[in-house]
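If you want the building blocks of each chain, they are given just below.
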Amino acid sequence: MWCPKCKTEYQDGITQCAECHTPLVEELPVEIDTSPLEEKLNTLHRMDGRENLHRLSDGNKAYVEKSKKYEDMQSTAYSFLLVSVVGVLLLVLVYTGVIPLQFATYMKYMMAIVMGGMFLIFFIIGIRSYRKLGGLKAEVMQEQQDRETAKSWFLGQYSEKAIDLTLDINSSDEVQQKYFLRSQFMKRTLSEKFPAYEDAFLDYLTEQLYEEMYPQD
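Figured I'd write up the structure that's included with this text. (Residues numbered from 1 in each chain as written. Predicted model: local features only at pLDDT ≥ 70, side-chain atom pairs only at ≥ 80, totals over all residues. Heavy atoms only, no water.)

The next subject is the overall build of the protein chain. The helix and strand inventory of the protein chain stands at six helices and zero strands. Reading the helices (α) and strands (β) of the protein chain from amino to carboxyl end gives α-α-α-α-α-α. Considering only residue pairs separated by 6 or more positions, the protein chain has 60% of its internal contacts joining residues 24 or more positions apart. Looking at the protein chain as shown, the accessible area adds up to about 14,900 Å², and 55% of this sits on carbon and sulfur atoms. (Helix = DSSP H or I, 4+ residues; strand = E, 2+ residues; numbered from the N terminus. Contact = heavy atoms within 4.5 Å. Areas by Shrake-Rupley, 256 points an atom, 1.4 Å probe, with all protein chains shown as cover.)

Looking now at the pattern of salt bridges. Counted by the stated rule, this structure contains eight salt bridges. A salt bridge links Glu-148 to Arg-147, with the shortest nitrogen-to-oxygen separation between them at 3.9 Å. The class of Glu-148 is partly exposed, set by a relative accessible area of 45%. For Arg-147, a relative accessible area of 14% translates into the label buried. For Glu-212, the salt bridge is made with Lys-151, and the minimal N-O distance between the two is 3.2 Å. (Salt bridge = Lys/Arg side-chain N within 4 Å of Asp/Glu carboxyl O. Buried < 20%, exposed > 50% of the residue type's maximum accessible area, 1.4 Å probe, protein only.)

If you check the backbone angles, Asp-168 has positive phi at about 55 degrees while not being a glycine. Mapped onto the elements of the fold, Asp-168 is located in the loop between helix 4 (160–166) and helix 5 (175–193). For Asp-168, a relative accessible area of 60% gives the class exposed.

Moving on, we get to the packing of aromatic side chains. Centre-to-centre distance and the angle between the planes together describe a pair of aromatic rings. For the structure on display, the rule yields 15 aromatic pairs. Geometrically, the ring pair formed by Phe-80 and Phe-122 is edge-to-face, given 5.3 Å between the ring centres and 80 degrees between the ring planes. Linking Phe-80 in helix 2 (residues 66–95) with Phe-122 in helix 3 (residues 105–157), this pair joins segments that are 42 residues apart in sequence. Ring geometry for Phe-201 and Tyr-204: centres 5.8 Å apart, planes at 25 degrees, overall stacked. With Phe-201 and Tyr-204 both in helix 6 (residues 199–213) and three residues apart, this pair spans about one turn of that helix. As far as burial versus exposure is concerned, Phe-201 and Tyr-204 are alike and both buried. Members of the aromatic cluster, connected to one another through ring pairs, are Tyr-63, Trp-153, Phe-154, Tyr-158, Phe-185, Phe-194, Tyr-197, Phe-201 and Tyr-204. (Phe/Tyr/Trp six-rings, centres within 6.5 Å; stacked < 30°, edge-to-face > 60°.)

In structure tokens, the structure reads:
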């Protein structure tokens, strides 16, 4: 049970809040953000940098470039494969006595089993990661094509002055307000032209276009 006023949780059986003397409810009502655009623009005026504007986004995760994912996967594959191969080689050298270690015979067997199993797992992870590189490489190429297609289309349709005239933006307007209005227009226009693009990718395209069209801001 919950108090709808102070949000305090109570055990079942209690019907009234001890602090607020308010009847308890089984579930708290869902709070919906009904703040108007004007309130968000006022918030923009108090923010210190363009990077902080992402606080007003819909909560979507930041887009990660496919090339970055490819590099990370490639690093993972090579690292695990290298560690597994070197590890197995060291075990062989220890077991054959090339690297002398003062262990009892049963300890050598235990080490070979435990460490060998671990390096085998590393090897499997490395192989699986390596196999994913082919698919990721195709995604990188598709991402590059989608990015260039979208940017080429948008820059062919709109100029900096045309966007500002459409949105009735003046040079005297604050940078944060101009960024907010322009980026919203860019993203909306791109989403209408390319409805198949995911939301995070549209944010990524919008940011790239903005930096290219308005470098002074």
